[in-house]
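Analysis of the macromolecular model
Here is what each chain is made of, one letter per residue.
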Amino acid sequence: MSPVPHVVSRRGVLAGSGALVMSFALARTAFAQDPQEAQNVGEEARKPLPQPGSLKNEPLLDAWIRIDADGRITVFTGKAELGQGIKTALLQVAAEQLDVPFESLTLVTADTARTANEGYTAGSHSMQDSGTAILHASAQVRALLVAAAAGRLGVAADRLRTGGAAVTAPDGRSLSYGEIVTAEMLHVNAAPQSPLKDPADHTVMGRPVPRVDIPAKVTGGAAYVQDMRPTGLVHGRIVRPPSPGARLRAVDAAAVEQMPGVLKVVRNGSFLGVVAEGEWPCIQAMRRLAVLARWEGHSDLPDAATIDQTILKLPSQDTDILDTGHLGAPEGRRFEATFTKPYQMHASIGPSCAIAQATRDGMTVWTHSQGAYPLRDALAEMLQVPPDKVRCIHVEGSGCYGHNGADDVAADAALLAVAVPDRPVRVQWMREDEHRYEPYGPAMVAKLTAVLDRSGRIVDWTHDVWSNTHLTRPGRAGHLLPALYLQQPFTPPPPKPLPQPEGGGDRNAIPLYRFPRGRVTNHFIPDMPLRVSALRSLGAYHNVFAIETFLDDLAAAAGIDPVEFRLNHMEDPRARDVISKTAEAFGWSSAGTRRPGTGRGFGFARYKNLGAYTAVALDLTVDRDSGAVTVGRVVAAVDSGEAVNPSGIRNQIEGAIVQSTSWTLFEAVRFDRTRITSRSWADYPILRFDAVPASVEVHIIDRPGQPFLGTGESGQGPTAAAIANAVADATGVRLRDLPLDRAKVRTALGRRPASRAG
Amino acid sequence: MITLTINGTRHDVSSDPATPLLYVLRDELGLHGAKYGCGFGQCGACTVMVDGRAVYSCVTPVAALPGREIKTVEGLGTIDSPGPMQRAFMDEQAAQCGYCIPGMMMRAQALLEQNPAAGEQDIRDHLQANLCRCGTHMRILAAVQRAADLMRSAGDGGPSPVTTGAVR
Ligand code: FES
Ligand code: FES
């Protein structure tokens, strides 16, 4: 039972029920047709109904909330659990606004046969899109139930109370939601007003409710698509070419088909796979098949050592995304710097996996893709069947952090499933498949200039950023890896830049700071030397790294403390709060005397300039001999609007800090002139426990009643900048080429003996 | 036919003796707690305990295991009656995607069974073999320390000893 019954105001009920016939005037936008448009943009206030989230595209209330006559309540979301805790947060929102016990709710996540099409679970959008939709839908459903109960009980709606999934009159008479609901009651479009609860009355939102998915995950329960074992399951593996550009010339399939347990070798052009009864026999067969396969041709890859030069030379489409009267050479001291980032991997711990089953009725795919609907459309195109013949059901996988191999392996499984009708085929990539063939986060270059006036203010600012696309997610068959190798191959659709205000390679390239003049130019590079796509935070990681480390150099040149320097140029009050809170909790001002070889650094960003505000302060030590950087104490503050689950937000920010530490100190995809040579964790090292910070402390600035801003990706850039700034502080050497790995730090220290390094 | 003792129960398994334990657990016995991560002994997602020590089940053929005590995350407790290690991971909400977590728990369990007094640095050193990509490390450290406390207090039958330095 909800401990605090909620009194429904008459105005709320009237607004809710009186406007039932009015649907949102907004046209349905075409989620599925154009993935580029799939992420909602913009920021509006929540009242009056305002930021309807995904209700904009799916206004029917019963698409989100269903109440059965027996009282069972089901919440539907088109988003997917990726380990970010979204299931729990969405259930909290629904339980709060419906006034029902949290545990009584059932949640159905992304499934093309059952849920709304909410595009991708990406861009820290789940709370903004789905959370907002469920918030309003739940509040409106409750109002409808109250209005109906008022009629049945003969009591004015404003005298009724809700709680425990029932509506109760002052005289104690009560009707359960199941008793009130009728078949058509919730089959109405959302109204333009929602009678939301006063945040002061919240009992479920804003609380650290334990995640609903964790108990099964720590006890060996069925939690992942990798663990599903439907009846009749068989296993599939794919033999991928040694170089992305190689084509299969010949293979002795018969030799492999004779191996025990092998059901079939599937070859279609250069797509080569095997299906077997057991997983280990399947792997053995795949290895044998790999030995027997003869490939020809190869990709011509650029030189990894000079990838930044290659990027600058490729043709680009240039767009000024900001131009506020840049004058070129105003008075003052001029500074410039170039920042580079290599290709980096999602590198999920569990390689990508999917199960596909082809029956007479169509294809069903269990997938951990971030976009069930876009994947369905791409698979349908690849299989040349109508989209309604393909059903994609999201099941959790290992954390993905963007567009990893999830969609590709679903296509692998579907192609093998066609060859063994009725049998569910489970394909899990091998570690070397994942490392070599997932779409990477693009290599990038950013060049910044600034002019500092005599008073220590930045008076002119330019930022040029060069990058491939950060979005080759499905929608089309040509986005699926195996489709590129078929006898009748699909070609990748031409890459497009993700438009501002969210941006792709230029995400967060426009500074949030107030500079009188500035120009920011996005140099979008269509040619992709390596296959790339969305990696957590897209270009924001690199742009924030560049802006925030450049700022530190400028602050030093101006002789001003870096935190003070930031505040001097920041007007946004919520940004100022986050910066100040972080500095205060870290004890920034008092951290004046430090030992040799230690340094402290600060970084800040508002993700996408639209999402969560995050600042990070940390200290670290640099070992002069090895070049190893060890992060010590980390303090962060985050404002992601109204905090639905503080524990979940903290978990996300802690994770972002640790993951970004890994990217920043260790990670670069290795390749030679024809092949990817990062094939395992040995040649794509990531952070292990010896590099985990000594402590991470996250402060949440809660904004009750404010729109949800999303959290998942906001920590990546600020962490990278804080680390680089602390390394510069510790050594006196500014490193601008990611990652700041041991070799680079050692070389830099050797080149210029540091003043303060120990 | 090979007989394996897993979580105290004997199982006759028909897989080829060269098959790594990981595939026998997951495929033949329906124990999915141990996960495939790399198959090279690099990530620890597949970690289980054999005679009290943490091993990579992805590179351990079942031929080597008859007569030895194998323990998996399913042997630490159940969803309704979680053991101290599982309880601690729930209490600390120590998972994001959670894929690495069973391996982390089994390696930590092996440590604590050998050294119940293990402190934070011991735990960090010991877990070096296991990777987590979500960056859940701080919570994993907190959970293992909490598990150590739970186990010690259960073992003593007395009050919970002073906790080791909190990580958060
Ligand atoms: S799966 Fe065994 S160590 Fe990675
Ligand atoms: S929690 Fe996802 S890999 Fe560790």
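This structure is a prediction, so every number in the text was calculated from the model and none was measured.

1. A look at the overall build of chain B
A tally of helices and strands in chain B yields 5 helices and 5 strands. Along chain B, helices and strands appear, N-terminal first, in the series β-β-α-β-β-β-α-α-α-α. Dimensions of chain B along its principal axes, counting C-alpha atoms only, are 50 × 35 × 25 Å. For chain B, the residues scored as buried account for 58% of the 168 residues in total. Intrachain contacts of chain B at a sequence separation of at least 6 include 55% that bridge at least 24 residues. With the model as given, the accessible surface of chain B reaches about 6000 Å², and the carbon-plus-sulfur share is 50%. Looking at charge distribution, chain B has the averaged site of its 14 positive side-chain charges lying 6 Å from that of its 16 negative ones.

2. Thoughts on the overall build of chain A
Scanning chain A for helices and strands turns up 17 helices and 25 strands. Against the 2.2 N^0.38 benchmark of 27 Å for 758 residues, chain A shows a C-alpha radius of gyration of 27 Å, consistent with a compact globule. Principal axes of the C-alpha set define a box for chain A whose edges measure 85 × 75 × 45 Å. Split into buried and exposed, the 758 residues of chain A put 65% on the buried side. Accessible surface for chain A amounts to roughly 25800 Å². Of this, 51% is attributable to carbon and sulfur atoms. With 80 positive and 80 negative side-chain charges, chain A shows a separation of 2 Å between the mean positions of the two kinds.

3. Things to note about the interface of chain B and chain A
At the interface, 52 residues of chain B touch 65 residues of chain A. Taking both partners together, chain B and chain A bury about 4700 Å²; carbon and sulfur atoms supply 56% of that area. The tally of links from chain B across to chain A stands at 5 salt bridges. Arg133 of chain B is paired through a salt bridge with Glu667 of chain A; the nearest N and O atoms lie 2.6 Å apart. With 5 residues, helix H5 (residues 137–156) of chain B is the single largest residue contributor to the side of chain B that touches chain A.

4. A look at the pattern of salt bridges
Per the counting criterion, the structure on display carries 49 salt bridges over all chains. As a salt-bridge pair, Arg146 of chain B and Asp91 of chain B come within 3.5 Å of each other at their nearest N and O atoms. Highlighted residues: Arg146 of chain B in helix H5 and Asp91 of chain B in helix H2 (residues 84–91), separated in sequence by 55 residues. Residues Glu92 of chain B and Arg146 of chain B are paired through a salt bridge, measuring 2.9 Å at the closest nitrogen-oxygen approach. A residue pair is termed long-range when its members are at least 10 positions apart, and Glu92 of chain B in the loop between H2 and helix H3 (101–114) and Arg146 of chain B in helix H5 qualify at 54 residues. Ionic contacts of the salt-bridge type, sharing partners, join the residues Arg66, Asp68, Asp70 and Arg72 of chain A into one network.

5. Considerations on the nonpolar core
Grouped together as the largest cluster of nonpolar side chains are 139 residues, with contacts concentrated most on Trp461, Phe604 and Leu620 of chain A together with Phe89 and Ile140 of chain B. Those residues in contact with Ile140 of chain B, other than ones at most four positions away along the chain, are Phe689 of chain A together with Phe89, Ala94, Cys100, Ile101, Met104, Leu127 and Cys132 of chain B. Counting residues in hydrophobic clusters, the runner-up holds 52 residues, among them Ala95, Ala116, Leu144 and Leu145 of chain A.

6. Re the pairing of strand E4 (residues 105–108) of chain A
As a general feature of sheets, a regular strand has side chains that alternate between the two faces. All names here are of chain A. Pairing analysis gives 4 bridges linking strand E3 (residues 73–76) to E4, with the strands arranged parallel. Bridging from a neighbouring strand, Phe76 pairs with Val108 of E4. Read from E3 through helix H2 (residues 86–98) to E4, the crossover connection turns out right-handed.

7. Digging into empty space enclosed by the protein
All names here are of chain A. What the rule picks out here adds up to 10 cavities of 30 Å³ or more. Size it by volume and the largest cavity reaches roughly 690 Å³. Around the largest cavity, the lining comprises 46 residues; the ones closest to its centre are Gln84, Ser124, Gln652, Thr711 and Gly712. Sorting the residues of the lining of the largest cavity by element identifies H2, helix H3 (126–153) and helix H15 (646–666) as the ones contributing at least two each. Of the residues in the lining of the largest cavity, the class split is 18 nonpolar, 22 polar and 6 charged. In this structure, the second largest cavity spans a volume of roughly 80 Å³.

8. Description of the sheet that holds strand E2 (residues 65–67) of chain A
All names here are of chain A. Spatially, E2-E3-E4 is the arrangement adopted by the 3 strands of the open sheet, whose pairing is mixed. Strands at the two margins of the open sheet, each flanked by one partner only, are E2 and E4. This sheet shows a mean twist of 25° between the axes of neighbouring strands, independent of strand direction. Of the strands in this sheet, E2, E3 and E4 touch H2, which is tilted by about 135° from E4. Against the sheet, H3 contacts E2 and E3, and its axis sits at roughly 35° relative to E2.

9. Section: the domain arrangement of chain B
Residues and elements named next belong to chain B. Domain annotation for chain B reports domain 1 (2–76) and domain 2 (84–156). When each unit is reduced to the centre of its C-alpha atoms, the spacing between domain 1 and domain 2 is 20 Å. Domain 1 puts 18 residues into the contact, and the matching count from domain 2 is 15 residues. Buried area between domain 1 and domain 2, both sides added, is near 1500 Å², and the carbon and sulfur share of it is 58%. Ranking the residues of domain 1 by area buried against domain 2 places Met49, Val73 and Leu76 at the top, with a combined share of 34%. Counting every contact that joins domain 1 to domain 2 gives 1 salt bridge. Here Lys71 makes a salt bridge to Glu113, at a shortest N to O gap of 3.3 Å. At the level of secondary structure, the elements contributing two or more residues to the side of domain 1 that touches domain 2 comprise strand E3 (47–50) and strand E4 (53–56). A per-class count over the side of domain 1 that touches domain 2 returns 9 nonpolar, 6 polar and 3 charged.

10. As for the packing of H15 of chain A against helix H16 (residues 716–731) of chain A
Residue and element names in this part refer to chain A. Running from N to C, H15 and H16 cross one another at 55°; their axes reach a closest spacing of 8 Å. Put simply, H15 runs oblique to H16. Considering how the two elements wind past one another, H15 and H16 form a crossing that is right-handed. Contacts from Ala656, Ile657, Gln659, Ser660, Thr661, Trp663, Thr664 and Leu665 in H15 reach Gln716, Thr719, Ala720 and Ile723 in H16. Here the residues of the contact of H15 with H16 sort into 6 nonpolar, 6 polar and no charged.

11. Here's the deal with the UniProt feature "domain: Aldehyde oxidase/xanthine dehydrogenase a/b hammerhead" (unreviewed entry) in chain A
UniProt's entry tags residues 219–293 of chain A with the feature "domain: Aldehyde oxidase/xanthine dehydrogenase a/b hammerhead" (unreviewed entry), counted in the numbering of this structure. This span, residues 219–293 of chain A, is 27% helix and 31% strand, and a straight line between its end C-alpha atoms measures 41 Å.

12. Concerning the environment of Cys282 of chain A
Residue and element names in this part refer to chain A. Tracing the sequence through the fold places Cys282 in helix H7 (residues 279–292). Judged by relative accessible area, Cys282 falls into the buried class, the value being 0%. Sequence-distant contacts of Cys282, that is, excluding residues within four places in its chain, are made with His235, Gly236, Arg237, Val274 and Ala276.

Conventions adopted
- Residues numbered from 1 in each chain as written.
- Chains lettered and ligands numbered in written order.
- Predicted model: local features only at pLDDT ≥ 70, side-chain atom pairs only at ≥ 80, totals over all residues.
- Heavy atoms only, no water.
- Helix = DSSP H or I, 4+ residues; strand = E, 2+ residues; numbered from the N terminus.
- Buried < 20%, exposed > 50% of the residue type's maximum accessible area, 1.4 Å probe, protein only.
- Contact = heavy atoms within 4.5 Å.
- Areas by Shrake-Rupley, 256 points an atom, 1.4 Å probe, with all protein chains shown as cover.
- Lys, Arg positive; Asp, Glu negative; His and termini not counted.
- Charge placed at Lys NZ, Arg CZ, Asp CG, Glu CD.
- Rg over C-alpha atoms; globule rule 2.2 N^0.38 Å.
- Buried area = accessible area lost by both parts, 1.4 Å probe.
- Salt bridge = Lys/Arg side-chain N within 4 Å of Asp/Glu carboxyl O.
- Core = buried A, V, L, I, M, F, W, Y, C linked by side-chain atoms within 4.5 Å.
- Pairing = 2+ DSSP bridges.
- Right-handed = clockwise from strand over helix to strand, strands pointing away.
- 1 Å grid on protein atoms, 1.4 Å probe; cavity = no way out; pocket = protein on both sides within 12 Å on 5 of 7 lines; lining within 4 Å.
- Points joined across faces, edges and corners; volume = space filled by probe spheres on them.
- Nonpolar A, V, L, I, M, F, W, Y, C, P; charged D, E, K, R; others polar.
- Axes fitted to C-alpha atoms, helices over the stretch in contact; angles between N-to-C directions.
- Domains from an automatic or database assignment.
- Parallel < 35°, antiparallel > 145°, perpendicular 65-115°, else oblique.
- Left-handed = near helix turned anticlockwise from the far one by under 90°.
- UniProt positions renumbered as here; feature names shortened; annotations may be inferred.

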